[in-house]
Amino acid sequence: MTHHALPAALSLALLLPAGAGIAAEPPLPQLEAYTVHESWRQPIAPVKIADNTWHIGTANLSAILVKTPAGAVLVDGGMPQAADMLLRHMADLGVAPEDLRLILLSQAHADHVGPLAELRRRTGARVAANAESAVLLARGGSDDIHFGDAITYPPVQVDRLLLDHEVVELGGMRFTVHFMPGHTPGSMAWTWTDHEGGRPVRIAYADSLSAPGYRLVDNPRYPRIVEDYRRSFDVVRALPCDVLLTPHPGSSGRNYAEPATSRPMGCVEYADASERSLEQQLQAEREGGRR
């Protein structure tokens, strides 16, 4: 999640049974659930980013399709209901279901990985993620550090576990993963080089850097959350970044529904703005705790 928790009514999966013999830690209070933003569900036509890179998600949830000679790669998928829309958009771009070979992700929250289990089943694509995301994907989002069981989705099996800066390659296109924990412990950025007009374009797809209602001070489920955010701001600043994409396009200044209003950010601006926001949130939390 980047802004608000999804209502529990959107849960599409049965919760996995708890492991036997594991001592239960007292749960943190769950964050208040809010209405899903309409822009998260607003369908739009595919948007070309570079020669082989397309946004095929909704107005304000990214799903990035990258076409290669050996098949296609999808980065994120949006809401749980999005599978049919994504497959239609793929077909419009000449990508059959069996042509989708690889699924990558930024974070394991329901508004970004909701349809991945269905897409994996219908296409045969392999899912690659880091261990922290794989654990949450396998639980279908349950027992989330901040949201508890409020935003579950169909569990997803990961086929390949990744290490920081590992490269995943398909059809000559190389995708490098950059761990950037904070928004989730498994948050990731992806970078690859496409072309436009015969010139190389370095694309960075960086996860959310917001902390929507999170407990930042003395969080027993995530003790080093602030330190992780601060390191991740530096990670994002250092990405190879001619074009920045984010899981919520609006977070980095893009408006696919009304392109004339877009003001795309670069990676440094995105990290700087996010850092200022986090420090303000942290200060407010500390001041609130002193009252």
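This text follows the structure it describes.
Conventions adopted
Residues numbered from 1 in each chain as written. Predicted model: local features only at pLDDT ≥ 70, side-chain atom pairs only at ≥ 80, totals over all residues. Heavy atoms only, no water. Phe/Tyr/Trp six-rings, centres within 6.5 Å; stacked < 30°, edge-to-face > 60°. Helix = DSSP H or I, 4+ residues; strand = E, 2+ residues; numbered from the N terminus. Buried < 20%, exposed > 50% of the residue type's maximum accessible area, 1.4 Å probe, protein only. Contact = heavy atoms within 4.5 Å. Disulfide = S-S within 2.5 Å. Salt bridge = Lys/Arg side-chain N within 4 Å of Asp/Glu carboxyl O. Axes fitted to C-alpha atoms, helices over the stretch in contact; angles between N-to-C directions. Parallel < 35°, antiparallel > 145°, perpendicular 65-115°, else oblique. Left-handed = near helix turned anticlockwise from the far one by under 90°. Nonpolar A, V, L, I, M, F, W, Y, C, P; charged D, E, K, R; others polar.

1. Some points on the packing of aromatic side chains
Aromatic ring pairs: the centre-centre distance and the angle between the two ring planes describe each pair.
Moving on, step 1. Evaluated as defined, the whole model comprises three aromatic pairs.
Moving on, step 2. Ring plane angle 45° and centroid distance 5.3 Å describe the contact between F175 and W192, whose orientation is recorded as tilted. Of the two residues, F175 is situated in strand β9 (residues 173–179) and W192 in strand β10 (residues 188–196); the sequence distance between them amounts to 17 residues.
Moving on, step 3. By relative accessible area, F175 is classed as buried at 0%.

2. Focus: the environment of A204
Moving on, step 1. Examined against the element boundaries, A204 turns out to sit in strand β11 (residues 199–205).
Moving on, step 2. Here the alpha-carbon distance between A204 and V177, two residues 27 residues apart in the chain, equals 10.0 Å.
Moving on, step 3. Among all residues touching A204, those that are not within four sequence positions of it are W190, T191, L239, P240, C241, V243, L244, L245 and C267.

3. Comments concerning the state of the cysteines
What is meant by a disulfide is a covalent connection between two cysteines, made through their sulfur atoms.
Moving on, step 1. For the structure shown, the criterion picks out one disulfide.
Moving on, step 2. Linked covalently through their sulfurs, C241 and C267 form a disulfide whose S-S length is 2.1 Å. Classification of the bridge connecting C241 and C267 rests on its S-S torsion, roughly 85°, and on that basis the disulfide is right-handed. Remark: C267 occurs in helix α6 (residues 267–290) and C241 occurs in the loop between α5 (225–237) and β12 (243–245); sequence separation between them is 26 residues.
Moving on, step 3. Among the residues examined, C241 registers a relative accessible area of 17% and is labelled buried.

4. Points about the pattern of salt bridges
Moving on, step 1. If you walk through the whole model with that rule in mind, you get 14 salt bridges.
Moving on, step 2. For E166, the salt bridge goes to R160, with nearest N and O atoms at 2.9 Å.
Moving on, step 3. Among the ionic contacts, a cluster of salt bridges with common partners joins D234, R237, D272 and E275.

5. Comments concerning the packing of helix α1 (residues 83–92) against helix α3 (residues 116–123)
Moving on, step 1. It is the contact of α1 with α3, at a shortest axis distance of 9 Å, that shows an interaxial angle of 50°. In terms of orientation, α1 and α3 fall into the oblique class. In this structure, α1 crosses over α3, and the sense of that crossing is right-handed. Residue-level contacts link A83, D84, L86 and L87 of α1 to E118, L119, R122 and T123 of α3.
Moving on, step 2. Within the contact of α1 with α3, the residues separate by chemical class into four nonpolar, one polar and three charged.

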